Amino acid sequence: MIETRVLKPSDDAIREAADALSRGELVAFPTETVYGLGGDATDDRAVARIFEAKARPSFNPLISHLPDPESAFDHGMFDDRARMIAEAFWPGPLTLVVPRRGDCRISLLASAGLDTVALRVPSHPLASALLAAAGRPIAAPSANPSGRVSPTTAEHVLAGLDGRVSIILDGGPCSVGLESTVLDLSEEAPTILRPGAVTADMLEPLIGAVGVAGHGAKIAAPGMLESHYAPGLPVRLDATAPGPGELFLGFGTVTGPEGSETLSAQGDLTEAAANLFALLRSLDRPGATGIAVAPIPETGLGIAINNRLRRAAAPRA
Ligand code: TXA
Ligand code: MG
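Calculation rules
- Residues numbered from 1 in each chain as written.
- Chains lettered and ligands numbered in written order.
- Predicted model: local features only at pLDDT ≥ 70, side-chain atom pairs only at ≥ 80, totals over all residues.
- Heavy atoms only, no water.
- Axes fitted to C-alpha atoms, helices over the stretch in contact; angles between N-to-C directions.
- Helix = DSSP H or I, 4+ residues; strand = E, 2+ residues; numbered from the N terminus.
- Parallel < 35°, antiparallel > 145°, perpendicular 65-115°, else oblique.
- Left-handed = near helix turned anticlockwise from the far one by under 90°.
- Contact = heavy atoms within 4.5 Å.
- Pairing = 2+ DSSP bridges.
- Buried < 20%, exposed > 50% of the residue type's maximum accessible area, 1.4 Å probe, protein only.
- Salt bridge = Lys/Arg side-chain N within 4 Å of Asp/Glu carboxyl O.
- Phe/Tyr/Trp six-rings, centres within 6.5 Å; stacked < 30°, edge-to-face > 60°.
- Lys NZ or Arg CZ within 6 Å of the ring centre and 35° of its normal.

A.B. asks: I'd love a proper account of the packing of helix 8 (residues 269–282) against helix 9 (residues 301–313), names of residues and values included.
C.D. replies: Where helix 8 meets helix 9, the closest approach of the two axes is 9 Å, and the angle between their N-to-C directions is 25°. When the interaxial angle is binned, helix 8 and helix 9 end up roughly parallel. When you trace helix 8 past helix 9, the crossing you get is left-handed. Facing helix 8, whose interface residues are Leu269, Thr270, Ala272, Ala273, Leu276 and Phe277, helix 9 presents Leu301, Gly302, Ile305, Arg308 and Leu309.

A.B. asks: I'd love a proper account of the sheet that holds strand 11 (residues 211–212), names of residues and values included.
C.D. replies: In a beta sheet, neighbouring strands are held together by backbone hydrogen bonds and run either parallel or antiparallel to one another. An order of 1-8-2-3-7-4-6-5-9-10-11 is seen for the 11 strands of this open sheet, with the pairing classed as mixed. Looking at the sheet topology across the chains shown, the edges are occupied by strand 1 (5–7) and strand 11. Two elements, strand 2 (residues 27–29) and strand 8 (residues 167–169), share two bridges in a ladder whose sense is parallel. Of the residues in strand 8, the one forming a bridge with Ala28 is Ile168.

A.B. asks: Please provide a residue-by-residue account of the pairing of strand 15 (residues 290–293), values included.
C.D. replies: What you see with strand 15 is no split at all: Gly290 and Ala292 on one side and Ile291 and Val293 on the other are buried throughout. Examined bridge by bridge, strand 12 (residues 235–236) and strand 15 share two bridges and lie parallel to one another. Counterpart to Arg236 in the pairing with strand 15 is Ala292. Examined bridge by bridge, strand 13 (residues 246–250) and strand 15 share four bridges and lie parallel to one another. Within strand 15, the position partnered with Leu249 by the bridge is Val293.

A.B. asks: Let's hear about the pattern of salt bridges: which residues, and what values?
C.D. replies: Counted according to the given criterion, the structure contains 11 salt bridges. In this structure, the salt-bridge partner of Arg15 is Asp12, at a minimum N-O distance of 2.6 Å. Placement of the pair is Arg15 and Asp12 together in helix 1 (residues 11–22), with a separation of three residues, close to one helical turn. Residue classification places Arg15 among the partly exposed positions, given a relative accessible area of 48%. Asp103 is paired through a salt bridge with Arg101; the nearest N and O atoms lie 3.0 Å apart. When its relative accessible area of 30% is taken as the criterion, Arg101 is described as partly exposed.

A.B. asks: Tell me about the packing of aromatic side chains, and please be specific about residues and values.
C.D. replies: Counted under the stated rule, the structure contains two aromatic pairs. These aromatic residues form a ring-pair network of at least three members: Phe73, Phe78 and Trp90. Note that Arg83 overlies the ring of Phe73, its terminal NZ or CZ placed 4.2 Å from the centroid.

As far as function goes, none of this settles anything; it's purely spatial.
The structure is reproduced here in structure tokens:
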């Protein structure tokens, strides 16, 4: 166990966090999607510490974070198509999987031995400042124990990883609330490996048809492990009312009985995404038999929300 310090944003906090990263320590930091558990992506031992802290199956490759597109171009091979997408959507909630450059310094452990890298330029100002100060790619999966609900506040991170991370930078709640879209551009056909706030509809005007990977796709993404993003209680989907002992998570006009929570009373998918992980945590109460969730439309951001909900509801290992 190490001492975990939660720091409010300041120039000093950013410098301390960057110094900790340069020593190979772990720092949790906010992004616009979820909080990341960061370590120096060029340091095999720091990357190994990330897997250890999360108790994550090490066959899952990690995303490396950079302060700007130019630094990302140093590590991956960006063809015209990849550059166009990077310029259109970075900084923002999109991860690009591209072939590793020959001189790529990112740990092979972070790539899980693949000849591709996953790169992302987040838009959260605290993340940008930390990445610029660190001056190296930072590998960062969501800052939660493997398989559990992703963190969207510093308190969530502390609840799961106290004693396993040196510093938590507290930037308040994340605005998007769901992990980034992972777009694989390493092959001819662009494929979304994990749905997120950047949808196929938004990408297609620039690069043509975009496939969406389902079960049996080539990469074992965390989103493809059967059970993931899971609270302790069982989760039941497409519910119109709670069953005996169940707590209810509504959406739009499907509200459940008094005392129920709602992802968005207005039926707003952006609000629902931002609330999803925090509400799954707060409804995960001892004494209840499960969490019943109202139907969410399978359009736009709803595709990513339903993807996370299906994992949360999947049979547990
Ligand atoms: O929003 C996010 O992306 C958050 C924040 C912290 O930035 N990070 C995050 O990282 O979710 P992580 O490491 O948990 O997600 C990694 C995702 C997985 O779906 C993984 O399989 C995929 O990216 N991935 C990473 N490297 C890959 C590669 N070389 N080929 C294919 N998929 C890859
Ligand atoms: Mg995760």
